[in-house]
Amino acid sequence: MIIVKELHKKFEGNHVLRGVDYHIHQGEKIVVVGPSGSGKSTFLRCLNLLEVPTSGEIWFDGQLITNPKIDINKVRQHMGMVFQHFNLFNNLTIMDNITLAPIKLKLMSEEEAKENALKLLNRVGLAEKADAYPGSLSGGQKQRIAIVRSLAMSPKVMLFDEPTSALDPEMVGEVLEVMKELADSGMTMVVVTHEMGFAREVGTKVLFMDGGNIIEENTPQEFFGNPKSPRLQEFLSKVL
Amino acid sequence: MDWLDSVLDKAYAAFIAENRWQLYVKGFGITMEVAVFAALIGIVLGTIVAFMKLSTKRNGKPTIFAHIANIYIDIIRGTPSVLQLLIMWFIVLQNCKNGVLVACITFGINSGAYVSEIMRAGILAVDKGQMEAGRSLGLSHFQTMRYVVIPQAFKNALPPLGNEFIVLIKETAIVGYVGLSDLTRVANQMTSKLYEAFMPLIGSAVVYFTVIKILTVLLAKLERRLRKSDNR
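Note that the structure is a prediction, hence the values are computed from the model and not measured.

Asks: Quick question: what am I supposed to make of the overall build of chain A here?
Replies: From N to C terminus, chain A includes nine helices and ten strands. Taking 2.2 N^0.38 as the reference for a compact globule, 240 residues should give roughly 18 Å; the C-alpha atoms of chain A span a radius of gyration of 18 Å, in line with that estimate. The buried share of chain A, taken over its 240 residues, is 56%. For chain A, contacts bridging at least 24 residues in sequence account for 66% of all contacts bridging at least 6. Carbon and sulfur atoms make up 48% of the accessible area of chain A, which amounts to about 10,100 Å² in all. Charged side chains of chain A number 26 positive and 30 negative; the gap between the two group centres comes to 4 Å.

Next comes the structure, spelled out in C-alpha coordinates:
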(Lines give C-alpha, C1' and ligand atoms only; values in the text may rest on other atoms or scores of the structure.)
Protein backbone atom coordinates (compact mmCIF):
# COMPACT_ATOMS: atom_id res chain seq x y z
CA MET A 1 0.00 0.00 0.00
CA ILE A 2 2.83 2.38 0.86
CA ILE A 3 6.26 1.67 -0.55
CA VAL A 4 9.23 3.75 0.58
CA LYS A 5 12.48 3.55 -1.40
CA GLU A 6 15.86 5.05 -0.49
CA LEU A 7 14.25 7.91 1.43
CA HIS A 8 16.63 10.72 2.41
CA LYS A 9 15.78 13.93 4.23
CA LYS A 10 18.23 16.70 5.06
CA PHE A 11 17.48 19.83 7.10
CA GLU A 12 20.16 22.43 6.42
CA GLY A 13 23.07 20.08 6.76
CA ASN A 14 21.36 17.83 9.28
CA HIS A 15 20.93 14.44 7.62
CA VAL A 16 17.82 13.09 9.37
CA LEU A 17 16.78 10.19 7.15
CA ARG A 18 19.51 8.12 5.54
CA GLY A 19 18.02 5.87 2.91
CA VAL A 20 14.93 4.35 4.51
CA ASP A 21 13.31 1.45 2.64
CA TYR A 22 10.01 0.03 3.78
CA HIS A 23 6.85 -1.58 2.51
CA ILE A 24 3.55 -1.14 4.37
CA HIS A 25 0.75 -3.54 3.43
CA GLN A 26 -2.97 -3.05 3.64
CA GLY A 27 -4.37 -3.65 7.14
CA GLU A 28 -0.99 -3.62 8.89
CA LYS A 29 -0.47 -1.70 12.10
CA ILE A 30 3.11 -0.48 12.01
CA VAL A 31 4.45 0.90 15.26
CA VAL A 32 7.63 2.96 15.03
CA VAL A 33 9.75 3.39 18.15
CA GLY A 34 13.17 4.84 18.75
CA PRO A 35 15.05 7.51 20.67
CA SER A 36 14.31 11.17 20.01
CA GLY A 37 16.20 12.50 17.03
CA SER A 38 16.16 9.09 15.36
CA GLY A 39 14.07 10.42 12.46
CA LYS A 40 10.88 8.52 13.24
CA SER A 41 8.60 11.57 13.17
CA THR A 42 10.28 12.87 10.04
CA PHE A 43 9.77 9.46 8.43
CA LEU A 44 6.06 9.59 9.26
CA ARG A 45 5.69 13.17 8.06
CA CYS A 46 7.36 12.25 4.78
CA LEU A 47 4.66 9.66 4.11
CA ASN A 48 2.06 12.36 3.42
CA LEU A 49 4.68 14.85 2.24
CA LEU A 50 4.27 17.28 5.13
CA GLU A 51 8.04 17.04 4.88
CA VAL A 52 9.26 16.93 1.31
CA PRO A 53 11.93 14.25 0.99
CA THR A 54 15.35 15.35 -0.25
CA SER A 55 15.55 12.23 -2.38
CA GLY A 56 13.94 8.84 -2.70
CA GLU A 57 10.53 7.57 -3.71
CA ILE A 58 7.22 7.09 -1.92
CA TRP A 59 4.47 5.11 -3.59
CA PHE A 60 0.92 5.16 -2.30
CA ASP A 61 -1.67 2.88 -3.86
CA GLY A 62 0.46 2.46 -6.98
CA GLN A 63 1.02 6.22 -7.36
CA LEU A 64 4.43 7.85 -7.10
CA ILE A 65 3.52 10.70 -4.73
CA THR A 66 7.03 12.16 -4.57
CA ASN A 67 6.53 13.17 -8.21
CA PRO A 68 6.11 16.98 -8.02
CA LYS A 69 3.46 16.85 -10.75
CA ILE A 70 1.06 14.88 -8.58
CA ASP A 71 -1.85 16.67 -6.86
CA ILE A 72 -0.74 16.09 -3.29
CA ASN A 73 -4.00 17.48 -1.85
CA LYS A 74 -5.90 14.66 -3.56
CA VAL A 75 -3.49 12.07 -2.14
CA ARG A 76 -3.73 13.48 1.38
CA GLN A 77 -7.51 13.09 1.37
CA HIS A 78 -6.85 9.36 1.68
CA MET A 79 -4.20 9.62 4.42
CA GLY A 80 -5.39 10.73 7.84
CA MET A 81 -2.92 12.22 10.25
CA VAL A 82 -3.06 12.72 14.01
CA PHE A 83 -0.57 15.10 15.62
CA GLN A 84 1.13 15.20 18.98
CA HIS A 85 -0.39 18.61 19.73
CA PHE A 86 -3.83 17.75 18.30
CA ASN A 87 -3.90 20.83 16.04
CA LEU A 88 -7.64 21.23 16.18
CA PHE A 89 -8.77 24.40 14.39
CA ASN A 90 -9.10 26.82 17.29
CA ASN A 91 -11.48 29.18 15.52
CA LEU A 92 -14.05 26.50 14.71
CA THR A 93 -16.49 24.44 16.77
CA ILE A 94 -15.90 20.71 17.08
CA MET A 95 -18.59 20.07 14.46
CA ASP A 96 -16.98 22.53 12.02
CA ASN A 97 -13.55 21.06 12.71
CA ILE A 98 -14.82 17.70 11.55
CA THR A 99 -16.93 18.83 8.61
CA LEU A 100 -14.68 21.57 7.19
CA ALA A 101 -12.60 19.36 4.90
CA PRO A 102 -15.39 17.06 3.63
CA ILE A 103 -17.59 20.07 2.81
CA LYS A 104 -14.96 22.39 1.32
CA LEU A 105 -13.50 19.57 -0.75
CA LYS A 106 -17.02 18.85 -1.98
CA LEU A 107 -16.94 15.23 -0.90
CA MET A 108 -20.21 15.51 1.02
CA SER A 109 -23.14 17.86 1.34
CA GLU A 110 -23.40 19.80 4.57
CA GLU A 111 -26.14 17.52 5.93
CA GLU A 112 -24.27 14.34 5.04
CA ALA A 113 -21.09 15.66 6.62
CA LYS A 114 -22.88 16.61 9.84
CA GLU A 115 -24.65 13.30 10.05
CA ASN A 116 -21.41 11.47 9.49
CA ALA A 117 -19.65 13.63 12.08
CA LEU A 118 -22.29 12.90 14.70
CA LYS A 119 -22.00 9.18 14.02
CA LEU A 120 -18.24 9.36 14.52
CA LEU A 121 -18.58 11.56 17.61
CA ASN A 122 -20.92 9.01 19.13
CA ARG A 123 -18.32 6.36 18.45
CA VAL A 124 -15.83 8.18 20.70
CA GLY A 125 -18.51 9.31 23.17
CA LEU A 126 -18.19 13.04 22.54
CA ALA A 127 -21.41 13.87 20.69
CA GLU A 128 -22.42 16.40 23.34
CA LYS A 129 -19.30 18.46 22.53
CA ALA A 130 -20.34 19.12 18.92
CA ASP A 131 -20.94 22.83 19.49
CA ALA A 132 -18.04 23.43 21.86
CA TYR A 133 -14.78 25.09 20.86
CA PRO A 134 -11.48 23.18 21.18
CA GLY A 135 -10.35 25.51 23.98
CA SER A 136 -12.93 24.05 26.34
CA LEU A 137 -11.82 20.42 25.89
CA SER A 138 -9.29 18.32 27.79
CA GLY A 139 -6.24 16.99 25.97
CA GLY A 140 -7.68 13.51 25.73
CA GLN A 141 -10.93 14.82 24.32
CA LYS A 142 -9.06 16.98 21.81
CA GLN A 143 -7.06 14.03 20.58
CA ARG A 144 -10.16 11.87 20.19
CA ILE A 145 -11.75 14.68 18.18
CA ALA A 146 -8.60 14.95 16.07
CA ILE A 147 -8.89 11.25 15.28
CA VAL A 148 -12.55 11.70 14.37
CA ARG A 149 -11.67 14.67 12.14
CA SER A 150 -9.28 12.47 10.17
CA LEU A 151 -11.74 9.59 10.02
CA ALA A 152 -14.43 11.88 8.58
CA MET A 153 -12.42 11.80 5.34
CA SER A 154 -12.66 7.97 5.25
CA PRO A 155 -8.90 7.58 4.83
CA LYS A 156 -7.22 4.40 3.64
CA VAL A 157 -4.40 4.80 6.12
CA MET A 158 -3.99 6.67 9.39
CA LEU A 159 -0.69 8.20 10.50
CA PHE A 160 -0.19 8.92 14.20
CA ASP A 161 2.67 11.19 15.28
CA GLU A 162 3.19 10.56 19.01
CA PRO A 163 -0.54 10.92 19.68
CA THR A 164 -0.28 10.49 23.45
CA SER A 165 3.01 12.29 24.19
CA ALA A 166 1.39 15.63 25.05
CA LEU A 167 -1.32 14.14 27.27
CA ASP A 168 -1.67 13.98 31.02
CA PRO A 169 -1.05 10.37 32.07
CA GLU A 170 -4.67 9.72 33.04
CA MET A 171 -5.83 10.69 29.54
CA VAL A 172 -3.53 8.40 27.61
CA GLY A 173 -5.84 5.44 28.11
CA GLU A 174 -8.91 6.96 26.48
CA VAL A 175 -6.95 7.84 23.33
CA LEU A 176 -5.26 4.46 23.08
CA GLU A 177 -8.68 2.86 23.50
CA VAL A 178 -9.97 4.69 20.42
CA MET A 179 -6.86 3.72 18.48
CA LYS A 180 -7.25 0.08 19.45
CA GLU A 181 -10.83 0.10 18.28
CA LEU A 182 -9.72 1.64 15.02
CA ALA A 183 -7.06 -1.03 14.62
CA ASP A 184 -9.65 -3.77 15.23
CA SER A 185 -11.85 -2.28 12.52
CA GLY A 186 -9.11 -3.12 10.01
CA MET A 187 -7.62 0.33 9.43
CA THR A 188 -4.07 0.45 8.12
CA MET A 189 -2.09 2.40 10.69
CA VAL A 190 1.41 3.80 11.12
CA VAL A 191 2.03 4.89 14.70
CA VAL A 192 5.05 6.70 16.08
CA THR A 193 4.85 6.32 19.84
CA HIS A 194 6.60 5.75 23.12
CA GLU A 195 3.77 3.51 24.38
CA MET A 196 5.46 0.13 24.39
CA GLY A 197 2.33 -1.54 25.72
CA PHE A 198 0.40 -0.32 22.73
CA ALA A 199 3.14 -1.49 20.36
CA ARG A 200 3.05 -4.95 21.89
CA GLU A 201 -0.70 -5.26 21.97
CA VAL A 202 -1.82 -3.63 18.73
CA GLY A 203 1.17 -3.63 16.39
CA THR A 204 1.48 -6.22 13.65
CA LYS A 205 5.04 -5.02 13.08
CA VAL A 206 7.30 -2.93 15.25
CA LEU A 207 10.13 -0.86 13.76
CA PHE A 208 13.11 0.44 15.63
CA MET A 209 14.65 3.56 14.15
CA ASP A 210 17.94 5.14 15.08
CA GLY A 211 20.31 7.49 13.29
CA GLY A 212 17.95 7.98 10.37
CA ASN A 213 17.49 4.35 9.49
CA ILE A 214 15.34 1.37 10.38
CA ILE A 215 17.64 -0.75 12.50
CA GLU A 216 15.29 -3.60 13.28
CA GLU A 217 11.85 -4.74 12.22
CA ASN A 218 9.89 -7.62 13.68
CA THR A 219 6.63 -8.92 15.11
CA PRO A 220 5.96 -7.53 18.58
CA GLN A 221 6.71 -10.90 20.25
CA GLU A 222 10.12 -11.20 18.62
CA PHE A 223 10.83 -7.48 18.84
CA PHE A 224 10.37 -7.29 22.58
CA GLY A 225 11.17 -10.90 23.45
CA ASN A 226 14.22 -11.40 21.33
CA PRO A 227 15.81 -8.12 20.18
CA LYS A 228 18.81 -8.75 17.93
CA SER A 229 20.76 -5.53 17.55
CA PRO A 230 22.69 -4.28 20.58
CA ARG A 231 21.31 -0.78 20.02
CA LEU A 232 17.74 -2.03 20.36
CA GLN A 233 18.62 -4.13 23.40
CA GLU A 234 20.06 -1.05 25.04
CA PHE A 235 17.01 1.04 24.09
CA LEU A 236 14.56 -1.53 25.43
CA SER A 237 16.47 -1.91 28.66
CA LYS A 238 15.99 1.81 29.21
CA VAL A 239 12.32 2.14 28.32
CA LEU A 240 10.81 -1.09 29.62
CA MET B 1 -17.60 85.84 38.73
CA ASP B 2 -15.47 87.85 36.36
CA TRP B 3 -13.37 84.91 35.31
CA LEU B 4 -16.44 82.84 34.42
CA ASP B 5 -17.74 85.66 32.26
CA SER B 6 -14.44 85.92 30.49
CA VAL B 7 -14.30 82.16 29.89
CA LEU B 8 -17.80 82.20 28.46
CA ASP B 9 -16.92 85.16 26.29
CA LYS B 10 -13.88 83.41 24.96
CA ALA B 11 -15.83 80.21 24.29
CA TYR B 12 -18.50 82.23 22.54
CA ALA B 13 -15.92 83.94 20.36
CA ALA B 14 -14.11 80.72 19.57
CA PHE B 15 -17.07 78.48 18.77
CA ILE B 16 -20.37 80.32 18.41
CA ALA B 17 -19.83 83.80 16.97
CA GLU B 18 -20.21 83.98 13.18
CA ASN B 19 -21.18 80.29 13.21
CA ARG B 20 -17.54 79.35 13.71
CA TRP B 21 -18.47 75.89 14.99
CA GLN B 22 -19.27 75.01 11.40
CA LEU B 23 -15.60 75.41 10.54
CA TYR B 24 -14.66 72.92 13.25
CA VAL B 25 -17.30 70.50 12.04
CA LYS B 26 -16.04 70.78 8.48
CA GLY B 27 -12.47 70.34 9.69
CA PHE B 28 -13.45 67.31 11.69
CA GLY B 29 -15.17 65.93 8.59
CA ILE B 30 -11.95 66.22 6.61
CA THR B 31 -9.93 64.63 9.41
CA MET B 32 -12.25 61.62 9.52
CA GLU B 33 -12.58 61.38 5.76
CA VAL B 34 -8.84 61.15 5.30
CA ALA B 35 -8.42 58.77 8.25
CA VAL B 36 -11.18 56.36 7.19
CA PHE B 37 -10.21 56.15 3.50
CA ALA B 38 -6.54 55.91 4.36
CA ALA B 39 -7.33 53.08 6.79
CA LEU B 40 -9.25 51.20 4.10
CA ILE B 41 -6.41 51.60 1.61
CA GLY B 42 -3.95 50.67 4.36
CA ILE B 43 -5.73 47.44 5.28
CA VAL B 44 -6.06 46.24 1.69
CA LEU B 45 -2.51 47.25 0.80
CA GLY B 46 -1.10 45.99 4.10
CA THR B 47 -2.73 42.58 3.72
CA ILE B 48 -1.39 42.18 0.19
CA VAL B 49 2.08 43.29 1.25
CA ALA B 50 2.01 40.94 4.26
CA PHE B 51 1.39 37.97 1.95
CA MET B 52 4.06 39.23 -0.42
CA LYS B 53 6.53 39.38 2.42
CA LEU B 54 5.61 35.90 3.61
CA SER B 55 5.85 34.33 0.14
CA THR B 56 8.63 31.82 -0.35
CA LYS B 57 9.95 29.80 -3.24
CA ARG B 58 9.93 26.03 -3.18
CA ASN B 59 13.38 26.01 -1.61
CA GLY B 60 12.18 28.27 1.22
CA LYS B 61 13.97 31.41 0.01
CA PRO B 62 12.02 34.70 -0.22
CA THR B 63 10.51 35.57 -3.60
CA ILE B 64 11.00 38.75 -5.61
CA PHE B 65 7.66 39.91 -4.15
CA ALA B 66 9.05 39.58 -0.64
CA HIS B 67 12.01 41.79 -1.60
CA ILE B 68 9.70 44.40 -3.12
CA ALA B 69 7.60 44.36 0.06
CA ASN B 70 10.72 44.86 2.17
CA ILE B 71 11.90 47.84 0.15
CA TYR B 72 8.46 49.44 0.39
CA ILE B 73 8.27 48.96 4.16
CA ASP B 74 11.82 50.26 4.63
CA ILE B 75 11.18 53.44 2.64
CA ILE B 76 7.88 54.24 4.34
CA ARG B 77 9.17 53.57 7.83
CA GLY B 78 12.43 55.36 7.17
CA THR B 79 10.99 58.75 6.19
CA PRO B 80 8.76 61.23 8.09
CA SER B 81 5.13 61.22 7.02
CA VAL B 82 5.13 65.00 6.61
CA LEU B 83 7.82 64.61 3.96
CA GLN B 84 5.90 61.77 2.30
CA LEU B 85 2.86 64.04 2.12
CA LEU B 86 4.86 66.94 0.65
CA ILE B 87 6.59 64.66 -1.85
CA MET B 88 3.25 63.29 -3.00
CA TRP B 89 1.68 66.76 -3.21
CA PHE B 90 4.50 68.65 -4.92
CA ILE B 91 6.19 65.90 -6.94
CA VAL B 92 4.46 62.57 -7.49
CA LEU B 93 0.88 63.75 -7.76
CA GLN B 94 1.56 67.39 -8.65
CA ASN B 95 -1.13 67.34 -11.32
CA CYS B 96 -3.80 66.26 -8.88
CA LYS B 97 -5.43 69.33 -7.39
CA ASN B 98 -7.65 67.39 -4.97
CA GLY B 99 -5.85 67.68 -1.64
CA VAL B 100 -8.14 65.25 0.17
CA LEU B 101 -7.46 62.57 -2.44
CA VAL B 102 -3.70 63.09 -2.23
CA ALA B 103 -3.88 62.91 1.57
CA CYS B 104 -5.95 59.69 1.48
CA ILE B 105 -3.48 58.07 -0.91
CA THR B 106 -0.43 59.22 1.03
CA PHE B 107 -1.73 58.07 4.39
CA GLY B 108 -3.05 54.87 2.84
CA ILE B 109 0.37 54.02 1.46
CA ASN B 110 1.98 55.04 4.73
CA SER B 111 -0.41 53.02 6.86
CA GLY B 112 -0.09 50.01 4.53
CA ALA B 113 3.52 49.56 5.59
CA TYR B 114 2.62 49.41 9.27
CA VAL B 115 -0.51 47.31 8.69
CA SER B 116 1.50 44.80 6.68
CA GLU B 117 3.79 44.19 9.63
CA ILE B 118 0.78 43.87 11.96
CA MET B 119 -0.86 41.36 9.61
CA ARG B 120 2.35 39.44 9.13
CA ALA B 121 2.84 39.15 12.89
CA GLY B 122 -0.79 38.04 13.24
CA ILE B 123 -0.32 35.28 10.67
CA LEU B 124 3.01 34.15 12.12
CA ALA B 125 1.48 33.98 15.60
CA VAL B 126 -0.93 31.27 14.44
CA ASP B 127 0.59 27.91 15.36
CA LYS B 128 2.01 26.22 12.29
CA GLY B 129 0.28 23.03 13.35
CA GLN B 130 -2.97 24.65 12.19
CA MET B 131 -1.68 24.82 8.62
CA GLU B 132 -0.26 21.30 8.83
CA ALA B 133 -3.55 19.91 10.09
CA GLY B 134 -5.44 21.60 7.27
CA ARG B 135 -3.00 20.32 4.66
CA SER B 136 -3.03 16.80 6.13
CA LEU B 137 -6.79 16.68 5.49
CA GLY B 138 -6.27 17.49 1.82
CA LEU B 139 -7.20 21.18 2.00
CA SER B 140 -5.04 23.42 -0.16
CA HIS B 141 -2.71 26.06 1.27
CA PHE B 142 -5.17 28.73 0.17
CA GLN B 143 -8.20 26.98 1.69
CA THR B 144 -6.45 26.45 5.01
CA MET B 145 -5.37 30.10 5.03
CA ARG B 146 -8.87 31.27 4.31
CA TYR B 147 -10.87 29.11 6.72
CA VAL B 148 -8.40 28.50 9.52
CA VAL B 149 -5.31 30.72 9.62
CA ILE B 150 -6.64 34.13 8.57
CA PRO B 151 -9.61 34.18 10.99
CA GLN B 152 -7.17 33.46 13.82
CA ALA B 153 -4.59 35.91 12.47
CA PHE B 154 -7.18 38.67 12.26
CA LYS B 155 -8.09 38.10 15.87
CA ASN B 156 -4.42 38.40 16.82
CA ALA B 157 -4.05 41.53 14.72
CA LEU B 158 -7.13 43.36 15.92
CA PRO B 159 -5.66 45.21 18.93
CA PRO B 160 -2.66 46.58 17.01
CA LEU B 161 -4.89 47.33 14.01
CA GLY B 162 -7.16 49.41 16.23
CA ASN B 163 -4.10 51.14 17.55
CA GLU B 164 -2.92 51.85 14.01
CA PHE B 165 -6.28 53.44 13.15
CA ILE B 166 -6.06 55.65 16.23
CA VAL B 167 -2.56 56.74 15.28
CA LEU B 168 -3.82 57.45 11.79
CA ILE B 169 -6.59 59.76 12.99
CA LYS B 170 -4.08 61.86 14.90
CA GLU B 171 -1.45 61.70 12.18
CA THR B 172 -3.81 63.38 9.71
CA ALA B 173 -3.24 66.57 11.71
CA ILE B 174 -0.39 67.34 9.30
CA VAL B 175 -2.60 67.70 6.20
CA GLY B 176 -2.56 71.44 6.83
CA TYR B 177 0.85 71.32 5.09
CA VAL B 178 -0.90 70.79 1.77
CA GLY B 179 -3.61 73.33 2.44
CA LEU B 180 -6.40 71.18 3.81
CA SER B 181 -8.49 72.66 6.61
CA ASP B 182 -8.73 69.71 8.96
CA LEU B 183 -9.63 70.02 12.63
CA THR B 184 -6.12 70.92 13.76
CA ARG B 185 -5.63 73.57 11.10
CA VAL B 186 -9.01 75.14 11.82
CA ALA B 187 -8.03 75.42 15.48
CA ASN B 188 -4.69 76.87 14.54
CA GLN B 189 -6.19 79.46 12.20
CA MET B 190 -8.74 80.40 14.82
CA THR B 191 -5.94 80.96 17.31
CA SER B 192 -4.20 83.47 15.05
CA LYS B 193 -7.45 85.17 14.17
CA LEU B 194 -8.69 85.67 17.73
CA TYR B 195 -5.29 86.08 19.43
CA GLU B 196 -6.61 83.47 21.83
CA ALA B 197 -5.18 79.96 21.97
CA PHE B 198 -6.89 78.20 24.83
CA MET B 199 -10.40 77.58 23.54
CA PRO B 200 -9.67 76.53 19.94
CA LEU B 201 -6.76 74.27 20.87
CA ILE B 202 -8.29 72.63 23.92
CA GLY B 203 -11.64 72.39 22.16
CA SER B 204 -10.22 70.48 19.21
CA ALA B 205 -8.14 68.29 21.52
CA VAL B 206 -11.35 67.31 23.31
CA VAL B 207 -12.91 66.33 19.98
CA TYR B 208 -9.97 64.08 19.05
CA PHE B 209 -9.99 62.56 22.50
CA THR B 210 -13.71 61.84 22.48
CA VAL B 211 -13.68 60.16 19.08
CA ILE B 212 -10.74 58.01 20.01
CA LYS B 213 -12.25 57.08 23.35
CA ILE B 214 -15.43 55.92 21.63
CA LEU B 215 -13.37 53.92 19.14
CA THR B 216 -11.42 52.28 21.93
CA VAL B 217 -14.60 51.11 23.62
CA LEU B 218 -16.03 49.74 20.35
CA LEU B 219 -12.79 47.91 19.57
CA ALA B 220 -12.72 46.32 23.00
CA LYS B 221 -16.26 45.07 22.41
CA LEU B 222 -15.39 43.60 19.02
CA GLU B 223 -12.31 41.96 20.47
CA ARG B 224 -14.34 40.31 23.23
CA ARG B 225 -16.75 38.99 20.63
CA LEU B 226 -13.96 37.52 18.51
CA ARG B 227 -12.42 35.86 21.55
CA LYS B 228 -15.57 33.79 22.04
CA SER B 229 -13.87 30.66 20.76
CA ASP B 230 -11.16 30.99 23.40
CA ASN B 231 -13.60 30.58 26.26
CA ARG B 232 -12.66 27.81 28.54
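Asks: What should I look at first to understand the sheet that holds strand β4 (residues 55–60) of chain A in this one?
Replies: Adjacent strands of a sheet form backbone hydrogen bonds with each other and so pair up, either parallel or antiparallel. All names here are of chain A. Read across the open sheet, the four strands follow the order β2-β1-β4-β5; overall the sheet is antiparallel. Taken across any chain shown, the strands that pair with only one partner, and hence form the sheet edges, are β2 (14–24) and β5 (63–64). Here five bridges tie strand β1 (residues 2–11) to β4, and the two strands are oriented antiparallel to one another. Considered in β4, the bridge of Ile3 is made with Trp59. Helix α1 (residues 40–47) contacts β1, β2 and β4 of the sheet and is inclined by roughly 120 degrees relative to β1.

Asks: I'm lost on the pairing of β2 of chain A in this one. Help?
Replies: Regular strands show a simple pattern: their side chains alternate between the two faces of the sheet. All names here are of chain A. The pairing of β1 with β2 spans eight bridges and is classified as antiparallel. Paired with His8 across the bridge in β2 is Arg18. Once β1 ends, the chain turns through two residues before running back antiparallel as β2, passing Glu12 with a positive phi of about 40 degrees.

Asks: Looking at this structure, how should I read the sheet that holds strand β6 (residues 79–82) of chain A?
Replies: Residue and element names in this part refer to chain A. Taking strand neighbours across the sheet as the criterion, the six strands line up as β6-β7-β8-β3-β9-β10 in an open arrangement whose pairing is mixed. Each edge of the open sheet is held by one strand with a lone partner, namely β6 and β10 (213–218). Between one strand and the next, the sheet's axes are offset by a mean angle of 20 degrees, whatever the strand orientation. Across four bridges, the pairing between strand β3 (residues 29–33) and strand β9 (residues 205–210) is parallel. Across the sheet, the residue bridging to Val31 is Val206, located in β9. Taken strand by strand, helix α6 (residues 169–184) contacts β3, β7 (157–161) and β8 (188–192), and its axis lies near 145 degrees from that of β8.

Asks: Before we go on, may I ask you to explain the interface of chain B and chain A in this structure?
Replies: Buried accessible area, meaning the area lost when the parts come together, often serves as the stated size of an interface. On the side of chain A, 26 residues touch chain B, which itself brings 21 residues to the contact. Of the roughly 2,100 Å² buried between chain B and chain A, counting both surfaces, carbon and sulfur atoms make up 56%. For the pair chain B and chain A, the interface holds one salt bridge. A salt bridge links Glu132 of chain B to Arg45 of chain A, with the shortest nitrogen-to-oxygen separation between them at 2.7 Å. Linking chain B with chain A are seven residue pairs in polar contact (both at pLDDT 80 or more). Counting only elements with at least two residues in the side of chain B that touches chain A, the list comes to α6 (128–136) and α7 (141–171) of chain B. Residues belonging to the side of chain B that touches chain A are distributed by class as follows: six nonpolar, ten polar and five charged.

Asks: Explanation requested: the pattern of salt bridges in the structure shown.
Replies: Pairing is possible between side chains that carry opposite charge, provided their charged atoms lie close to one another. Under the criterion given, the structure shown has 17 salt bridges over all chains. The partner of Glu217 of chain A in a salt bridge is Lys205 of chain A, with the nearest N and O atoms 3.5 Å apart. Of the two residues, Glu217 of chain A sits in strand β10 while Lys205 of chain A sits in strand β9, which places them twelve residues apart along the sequence. For Glu217 of chain A, a relative accessible area of 36% gives the class partly exposed. Note that Lys53 of chain B and Glu117 of chain B form a salt bridge whose closest N and O atoms lie 3.3 Å from each other.

Asks: Whenever I open this one, empty space enclosed by the protein confuses me. Can you help?
Replies: To find leftover empty space, a probe the size of one water molecule is rolled over the atoms. All names here are of chain A. Following the criterion strictly, the structure yields one cavity of 30 Å³ or more and no others. Approximately 60 Å³ is the volume found for the largest cavity. If you go around the largest cavity, the residues you meet are Leu120, Arg123, Val124, Ile147, Leu151, Val178, Glu181 and Leu182. Broken down by secondary-structure element, the contributors of at least two residues to the lining of the largest cavity are α4 (110–123), α5 (139–151) and α6.

What counts, and at which threshold
- Residues numbered from 1 in each chain as written.
- Chains lettered and ligands numbered in written order.
- Predicted model: local features only at pLDDT ≥ 70, side-chain atom pairs only at ≥ 80, totals over all residues.
- Heavy atoms only, no water.
- Helix = DSSP H or I, 4+ residues; strand = E, 2+ residues; numbered from the N terminus.
- Rg over C-alpha atoms; globule rule 2.2 N^0.38 Å.
- Buried < 20%, exposed > 50% of the residue type's maximum accessible area, 1.4 Å probe, protein only.
- Contact = heavy atoms within 4.5 Å.
- Areas by Shrake-Rupley, 256 points an atom, 1.4 Å probe, with all protein chains shown as cover.
- Lys, Arg positive; Asp, Glu negative; His and termini not counted.
- Charge placed at Lys NZ, Arg CZ, Asp CG, Glu CD.
- Pairing = 2+ DSSP bridges.
- Axes fitted to C-alpha atoms, helices over the stretch in contact; angles between N-to-C directions.
- Buried area = accessible area lost by both parts, 1.4 Å probe.
- Salt bridge = Lys/Arg side-chain N within 4 Å of Asp/Glu carboxyl O.
- Polar contact = N/O pair within 3.5 Å; in protein donor to acceptor, adjacent residues only side chain to side chain.
- Nonpolar A, V, L, I, M, F, W, Y, C, P; charged D, E, K, R; others polar.
- 1 Å grid on protein atoms, 1.4 Å probe; cavity = no way out; pocket = protein on both sides within 12 Å on 5 of 7 lines; lining within 4 Å.
- Points joined across faces, edges and corners; volume = space filled by probe spheres on them.

This is a description of form; function is not addressed.
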